[in-house]
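Structural description and commentary
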Amino acid sequence: FRVNFCYRAGTCRHFINMGAAMRDSDYDDNSSQAVFRVALAVAFSDDLLDHEEQAKVEDVYRNILVRMDEYDEDGDLEEETESIAQDVMNALADAESESERQELYEEWGEVIVDPDLQEIALAAAVLIAGEDADIDPVESACMAAFCEHWGLDFEDMLASFARPD
């Protein structure tokens, strides 16, 4: 199982799951990291990021931080982005079945209890997953799982984020 995670202009890092030593970080309820984790869970749900999606990841996390009034220009955004992405990839890779992934989605959804932050998480997911012009069925299923957990209508959510023609 391999997931490519690239940042800019040809700089690419490959993360390979080796199983046992992997861990998932715990993030505080309603934290920017927990919000970003949901967006990445959707993006990584198909086990890879397309190049278009890869280019969007750091910008999306910066936007989450700005919206939550947590952005620090002096912070190491790339390092924090990579750390959260690594946590998500490790956890998804360690899930041995689709039901285990569903349990992760539920667990990760439980820590975002603020409806505004749920919307930010889903909007961020749409921005990343839709960057390659389509949201594939696996990504849609992942978003639907978060919507179901939060009591949101998936189709209404997608319609609210639709880009005008």
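Below: a short report on this structure.

Cut-offs used in this document
Residues numbered from 1 in each chain as written. Predicted model: local features only at pLDDT ≥ 70, side-chain atom pairs only at ≥ 80, totals over all residues. Heavy atoms only, no water. Helix = DSSP H or I, 4+ residues; strand = E, 2+ residues; numbered from the N terminus. Polar contact = N/O pair within 3.5 Å; in protein donor to acceptor, adjacent residues only side chain to side chain. Patch = residues over 30% accessible without salt bridge, like charges linked within 9 Å, V, L, I, M, F, W, Y side chains within 5 Å. Areas by Shrake-Rupley, 256 points an atom, 1.4 Å probe, with all protein chains shown as cover. Salt bridge = Lys/Arg side-chain N within 4 Å of Asp/Glu carboxyl O. Lys, Arg positive; Asp, Glu negative; His and termini not counted. Charge placed at Lys NZ, Arg CZ, Asp CG, Glu CD. Core = buried A, V, L, I, M, F, W, Y, C linked by side-chain atoms within 4.5 Å. Buried < 20%, exposed > 50% of the residue type's maximum accessible area, 1.4 Å probe, protein only. Contact = heavy atoms within 4.5 Å.

We now examine the side chain of Asp136. Within the secondary structure, Asp136 is located in the loop between α6 (115–129) and α7 (137–150). Within polar-contact distance, the side chain of Asp136 engages the backbone nitrogen of Glu139 at 2.8 Å.

Let us now look at a negative patch on the surface. A cluster of acidic residues, Asp26, Glu96, Glu100, Glu103, Glu106, Glu107, Glu110 and Glu148, forms a negative patch on the protein surface. For the negative patch, the leading source of residues is helix α5 (residues 98–110), giving five residues. Its place among the elements puts Glu96 in the loop between α4 (77–94) and α5.

With that settled, consider the nonpolar core. With 48 residues, the main nonpolar core has Phe36, Leu40, Ile64, Ile112, Ile128 and Phe146 as its most contacted residues. Sorting the residues of this core by element identifies α1 (32–44), α3 (57–67), α4, α5, α6, α7 and α8 (154–160) as the ones contributing at least two each. Not counting chain neighbours up to four residues away, the residues in contact with Ile64 comprise Ser32, Val35, Phe36, Ile120 and Ala124.

That's the geometry; what it means functionally is another story.
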